[in-house]
Amino acid sequence: MSEFTHINEKGEANMVDVTAKAVTERFAKARGVIRVSGDVLKALEDKEIAKGDVLGAARIAGIMAAKKTPELIPLCHTLLLTKVSVDFEVRAAEQEILCTSEVRLTGKTGAEMEALTAVSVALLTIYDMCKAVDKTMVISEVRLEEKDGGKTGHFQRQ
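The rules behind each value
- Residues numbered from 1 in each chain as written.
- Predicted model: local features only at pLDDT ≥ 70, side-chain atom pairs only at ≥ 80, totals over all residues.
- Heavy atoms only, no water.
- Pairing = 2+ DSSP bridges.
- Helix = DSSP H or I, 4+ residues; strand = E, 2+ residues; numbered from the N terminus.
- Contact = heavy atoms within 4.5 Å.
- Axes fitted to C-alpha atoms, helices over the stretch in contact; angles between N-to-C directions.
- Expected span 1.5 Å × (residues − 1).
- Bend = angle between axes of the 7 residues up to and from the residue.
- Buried < 20%, exposed > 50% of the residue type's maximum accessible area, 1.4 Å probe, protein only.
- Polar contact = N/O pair within 3.5 Å; in protein donor to acceptor, adjacent residues only side chain to side chain.
- Salt bridge = Lys/Arg side-chain N within 4 Å of Asp/Glu carboxyl O.
- Core = buried A, V, L, I, M, F, W, Y, C linked by side-chain atoms within 4.5 Å.
- Arc of directions from axis to C-beta.
- Patch = residues over 30% accessible without salt bridge, like charges linked within 9 Å, V, L, I, M, F, W, Y side chains within 5 Å.
- Areas by Shrake-Rupley, 256 points an atom, 1.4 Å probe, with all protein chains shown as cover.

In this section: the sheet that holds strand E1 (residues 24-35). In space, the five strands of this open sheet follow the order E2-E3-E1-E4-E5, with antiparallel pairing throughout. The open sheet has two free edges, formed respectively by strand E2 (81-91) and strand E5 (155-156), since each of these has just one partner strand. Relative to E5, strand E4 (residues 138-148) runs antiparallel, the two being bridged by two bridges. Bridge pairing links Glu146 to Gln156 in E5. Sheet contacts for helix H2 (residues 54-72): E2 and strand E3 (96-107); angle to E2, the most-contacted strand, approximately 145 degrees. Of the strands in this sheet, E1, E2, E3 and E4 are in contact with helix H3 (residues 112-130), which crosses E1 at around 25 degrees.

Here H2 contains 19 residues, and its C-alpha end-to-end distance of 23 Å is more than 12% below the 27 Å for a straight helix at 1.5 Å per residue. A bend of about 50 degrees at Ala66 is the largest found in H2, and the proline Pro70 appears one to four places after it. For H2, every residue scored as buried is listed here: Val54, Ala58, Ala61, Gly62, Ala65, Ala66 and Thr69. Considering only its buried residues, H2 is in contact with helix H1 (38-45), E2 and H3. Regarding H2, its N-cap is Asp53, as a side-chain oxygen of that residue lies 3.0 Å from the backbone nitrogen of Gly56 further along.

Inspection of every chain in the model, using the stated rule, returns twelve salt bridges. A salt bridge links Lys131 to Asp128, with the nearest nitrogen and oxygen atoms 2.4 Å apart.

Turning next to the environment of Asp46. Counting through the fold element by element, Asp46 comes out in the loop between H1 and H2. Linking Asp46 and Pro70, residues 24 residues apart in sequence, is a C-alpha distance of 37 Å. Within the local environment of Asp46, its side chain forms a polar contact with the side chain of Lys42, the two groups lying 2.5 Å apart.

If you look at the biggest cluster of nonpolar residues, it comprises 33 residues, and the most contacted ones within it are Phe88, Ile126 and Cys130. Of all the secondary-structure elements, those providing two or more residues to this core are E1, H1, H2, E2, E3 and H3. Setting aside residues no more than four positions away along its own chain, Phe88 makes contact with Leu55, Ala58, Arg59, Ile97, Leu98, Cys99, Ala122 and Ile126.

Turning to H1, a few remarks are in order. Every α-helix winds through 3.6 residues per turn, so residues three or four apart in the chain are directed the same way. All of the buried residues in H1 are Val40, Leu41, Ala43 and Leu44. Viewed along the axis of H1, the buried residues span an arc of 165 degrees, placing them on a single side of the element. Those residues of H1 that are exposed and aimed more than 90 degrees away from the buried face are Asp39, Lys42 and Glu45. At its buried positions, H1 is contacted by H2, E2, E3 and H3. Lys47 occupies a position one or two residues after H1 and carries a positive phi of about 55 degrees.

A cluster of nonpolar side chains, Leu124, Ile139 and Val142, forms an exposed patch at the surface whose accessible area comes to about 220 Å². Structurally, Ile139 can be placed in strand E4.

Right under this line is the structure:
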């Protein structure tokens, strides 16, 4: 079993010391889904959401969230992100919108939390902007899909 790295010998929360870790290229990809009604899909397609360009605003919100992750998640390190992307796939047949985020950097610790935070906030933004049309939307399946770099190397969800 892995030890908890964010707990010191006294059982107190603490930030992991990454001073001695090697600087490597890091990459993380996360995804999540928001299930919406046909009314939301139609309003998006017809550009009739009163709050404006939903996916454009959600993309910017996700990128901003990735950059703010250390302010939102306790004990996360501040990272110099070199690339953050947030993309959407509207799946009308499934009545859902898939959100994918990719984060890149060169540093001593990974970008998994930044990618997950980007997806989460992007999906929350979609919910916020569309809630006047449908309050029953469901955000789910937020998960890490892939990461690379660092001591643990490459991970890809099967």
